[in-house]
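A closer look at the structure
Residue-level listing of the chains:
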Amino acid sequence: MTGSRLLGWVRAISYFALTFAVMPVQALALLFSASLAEWIPIRYHALCARMLGFRLIVKGTPSQVRPTLFVANHTSYFDIMLLASLIPCSFIAKSDMISWPLFGW
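Just so you know, these numbers come straight off a predicted model, no measurement behind them.

1. Regarding unusual backbone geometry
Between Arg66 and the following residue, Pro67, the backbone shows a cis peptide bond with an omega angle of 0°. Following the sequence through the fold, Pro67 ends up in the loop between α2 (34–51) and α3 (77–84).

Take a look at the structure:
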C-alpha cells in the first residue's frame, strides 16, 4: 500500500471515528445546553476539515446579525463541512436524505 493510499485510509477511519464519538455528545448537548450544541458542530467541522487535509482561505467576514440567511450553491458535500466550520448554521436538506445512513440522523 502506498503512503498516500494509507494516509487516505487513516483520514477516513479518523473521520468516522470522530463522527461516531461526537454524535451522542451533540445529542445530549441539544437536550441540555443550547450554547454547547451550537459550539460543538463548528469545532467538529473545523477538526474534520483539518483532518481531511483541507486548508481554508477566508475573505471577508460573515454577517454578525442574527438571524441571517446564508445562501450557497454548493458543489459537493465538503462545502457543507467547510461552511459549518466557519459559522454557526443549520442546513436544509432534500427530504430523501432522511433515509441515508449517518447523514439522515
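Read on, since the account is not over.
2. Looking at the packing of aromatic side chains
We describe a pair of aromatic rings using the distance from one ring centre to the other and the angle between the two ring planes. Under the criterion given, the structure shown has three aromatic pairs. Here Phe54 and Phe78 contribute two aromatic rings whose centre-to-centre distance is 5.0 Å and whose plane-to-plane angle is 55°, an arrangement assigned as tilted. Residue Phe54 is located in the loop between α2 and α3, and its partner Phe78 is located in helix α3; the two are separated by 24 residues in the primary sequence. We classify Phe54 as partly exposed; its relative accessible area is 29%. Assessed through its relative accessible area of 43%, Phe78 is described here as partly exposed. With a centroid separation of 5.9 Å and 70° between ring planes, the pair formed by Tyr77 and Trp100 is classed as edge-to-face.

3. What to know about a nonpolar patch on the surface
Where nonpolar side chains cluster on the molecular surface, the patch consists of Leu6, Leu7 and Val10 and spans about 250 Å² of accessible area. Along the chain, Val10 falls in helix α1 (residues 3–32). Relative accessible area serves as the criterion here: at 42%, Val10 is assigned to the partly exposed category.

4. Points about the packing of α2 against α3
At a minimum axis distance of 7 Å, the contact between α2 and α3 shows a crossing angle of 125°. Between α2 and α3, the interaxial angle falls into the category oblique. Read as a crossing pair, α2 and α3 show a hand that is left-handed. From α2, Pro41, Ile42, His45, Cys48 and Ala49 reach across to α3, where they touch Met81, Leu82 and Ala84. A per-class count over the contact of α2 with α3 returns seven nonpolar, one polar and no charged.

5. Structural notes on the confidence of the model for the chain
Summarising the model, the chain shows a mean pLDDT of 88, and 97% of its residues fall at 70 or more. Of all the helices and strands in the chain, α3 carries the lowest mean pLDDT, 88, while α2 carries the highest, 94.

6. Regarding the state of the cysteines
Evaluated as defined, the whole model comprises zero disulfides. Its sulfur unpaired, Cys48 is 14 Å from the next cysteine sulfur, which belongs to Cys89. Residue Cys89 is classed as partly exposed on the basis of its relative accessible area of 31%.

About the cut-offs
- Sequence order as written defines residue numbering, which begins from 1 separately in each chain.
- Where totals are concerned, whole chains, interfaces and linings use all residues; where local detail is concerned, this predicted model gives features only for residues with pLDDT of at least 70, and gives and counts side-chain atom pairs only at 80 or more.
- As a convention, hydrogens and water are excluded, and side-chain values are obtained from all of the structure's heavy atoms.
- Helix and strand definitions follow DSSP, with helices as H or I runs of at least four residues and strands as E runs of at least two, each counted in order from the N terminus.
- Only Phe, Tyr and Trp rings take part, Trp by its six-membered ring, and two of them pair if their centres are within 6.5 Å. Stacked means planes under 30 degrees apart, edge-to-face means over 60, and tilted covers everything else.
- The cut-offs for exposure are 20% and 50% of the maximum accessible area for each residue type, with area from a 1.4 Å probe on protein chains only; residues under the lower value are buried, those over the upper are exposed, and the others partly exposed.
- Patch membership is restricted to residues that have no salt bridge and whose relative accessible area is over 30%. Joining uses 9 Å for like charges and 5 Å for the nonpolar side chains Val, Leu, Ile, Met, Phe, Trp and Tyr.
- The method behind every accessible area is Shrake-Rupley, applied with a 1.4 Å probe, and residues are considered shielded solely by the protein chains displayed.
- Salt bridges, as used here, are contacts in which a Lys or Arg side-chain nitrogen is within 4 Å of a carboxyl oxygen on Asp or Glu.
- Only the stretch in contact is used when fitting a helix axis, every axis being a line fitted to C-alpha atoms; angles between N-to-C directions are given from 0 to 180 degrees.
- Should an angle fall under 35 degrees it is taken as roughly parallel, and over 145 as roughly antiparallel, whereas 65 to 115 is taken as roughly perpendicular and any remaining angle as oblique.
- The handedness criterion is simple: a crossing whose near helix is rotated anticlockwise from the far helix by less than a right angle is left-handed, and one whose near helix is rotated clockwise is right-handed.
- What makes two residues a contact is simply this: any of their non-hydrogen atoms within 4.5 Å.
- Residues are grouped as follows: nonpolar covers Ala, Val, Leu, Ile, Met, Phe, Trp, Tyr, Cys and Pro; charged covers Asp, Glu, Lys and Arg; every other residue, Gly included, is treated as polar.
- Known as pLDDT, the predictor's per-residue confidence is scaled from 0 to 100.
- The disulfide criterion used throughout: a pair of cysteine sulfur atoms within 2.5 Å.

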